[in-house]
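Report on the structure
Okay, here's what each chain looks like letter by letter:
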Amino acid sequence: PYARLAPRVGLSEAATRQRVNRLSRHGVMQVVAVTDPIAVGLGYQALIGIDVVGDAASVADELARITAVDYVVISAGRYDIVAEIVCRDADEFLYLLDEKIRKISGVQSTETLVYLRLVKQTYDWGTGE
């Protein structure tokens, strides 16, 4: 509630509401609910390092179209692209890897890092805490 947020940012409730609305309108922030994947039946998570031949941006765009891929970044270093997959189980992951990801034109090789336990994940960038 704005009434609880206002004292933390040193503004009135009305000014806090206006600031949140302005930041949202300008695309600086979004107010979203973050679900626990395991609680909604998505107990298999993995990071995939992808080596690309050719245009990494077009491969990244194709990866971004896959619903189970929730994070795609073009990177410098060991991999051209790093993507995160969140799905039900190993069978679904194998299907996504073999039938979707590896069939994208330009994907040369992949390396999978399966999550055994998520220790920390935060969404509080820029909050000053």
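These numbers were taken from a predicted model, which means no experiment stands behind them.

This paragraph deals with the environment of F93. Mapped onto the elements, F93 comes out in helix 4 (residues 90-101). Sequence separation between F93 and S12 is 81 residues, and the spatial gap between their C-alpha atoms is 48 Å.

Per-residue confidence for the protein gives a mean pLDDT of 91; residues scoring 70 or more make up 96%. Per-element averaging of pLDDT across the protein places helix 1 (residues 2-9) at the bottom with 91 and helix 3 (residues 56-64) at the top with 98.

Buried together is how nonpolar side chains tend to be arranged in soluble globular proteins. Residues I50, L63, I81, I85, F93 and I101 are the most contacted members of the largest nonpolar core, which totals 22 residues. Elements supplying a minimum of two residues to this core: strand 1 (44-52), helix 3, strand 3 (81-87) and helix 4. The element best represented in this core is strand 1, accounting for five residues. Look past the residues within four positions of I85 in its chain and what remains in contact with it is Y44, Q45, A46, I48, A68, V69, D70, F93, L96 and I101.

Turning next to the packing of helix 1 against helix 2 (residues 13-25). The geometry of helix 1 relative to helix 2 is characterised by a closest axis approach of 8 Å and an angle of 90 degrees between their N-to-C directions. Comparing the axis directions of helix 1 and helix 2 gives the class roughly perpendicular. Between helix 1 and helix 2, the contacting residues are Y2, A3, L5, A6 and V9 on the first element and E13, T16, R17, V20 and N21 on the second. Classifying every residue of the contact of helix 1 with helix 2 by side-chain character gives six nonpolar, two polar and two charged.

Read from one edge to the other, the open sheet built from four strands follows the order 2-3-1-4, with strand pairing classed as antiparallel. In this open sheet, the two edge strands, each paired with only one partner strand, are strand 2 (69-74) and strand 4 (107-114). When the angles between neighbouring strand axes are averaged without regard to direction, this sheet yields 20 degrees. Across the sheet, helix 4 is in contact with strand 1, strand 3 and strand 4; its angle to strand 1 comes to roughly 20 degrees.

About the thresholds
- Residues numbered from 1 in each chain as written.
- Predicted model: local features only at pLDDT ≥ 70, side-chain atom pairs only at ≥ 80, totals over all residues.
- Heavy atoms only, no water.
- Helix = DSSP H or I, 4+ residues; strand = E, 2+ residues; numbered from the N terminus.
- pLDDT = per-residue confidence, 0-100.
- Core = buried A, V, L, I, M, F, W, Y, C linked by side-chain atoms within 4.5 Å.
- Buried < 20%, exposed > 50% of the residue type's maximum accessible area, 1.4 Å probe, protein only.
- Contact = heavy atoms within 4.5 Å.
- Axes fitted to C-alpha atoms, helices over the stretch in contact; angles between N-to-C directions.
- Parallel < 35°, antiparallel > 145°, perpendicular 65-115°, else oblique.
- Nonpolar A, V, L, I, M, F, W, Y, C, P; charged D, E, K, R; others polar.
- Pairing = 2+ DSSP bridges.

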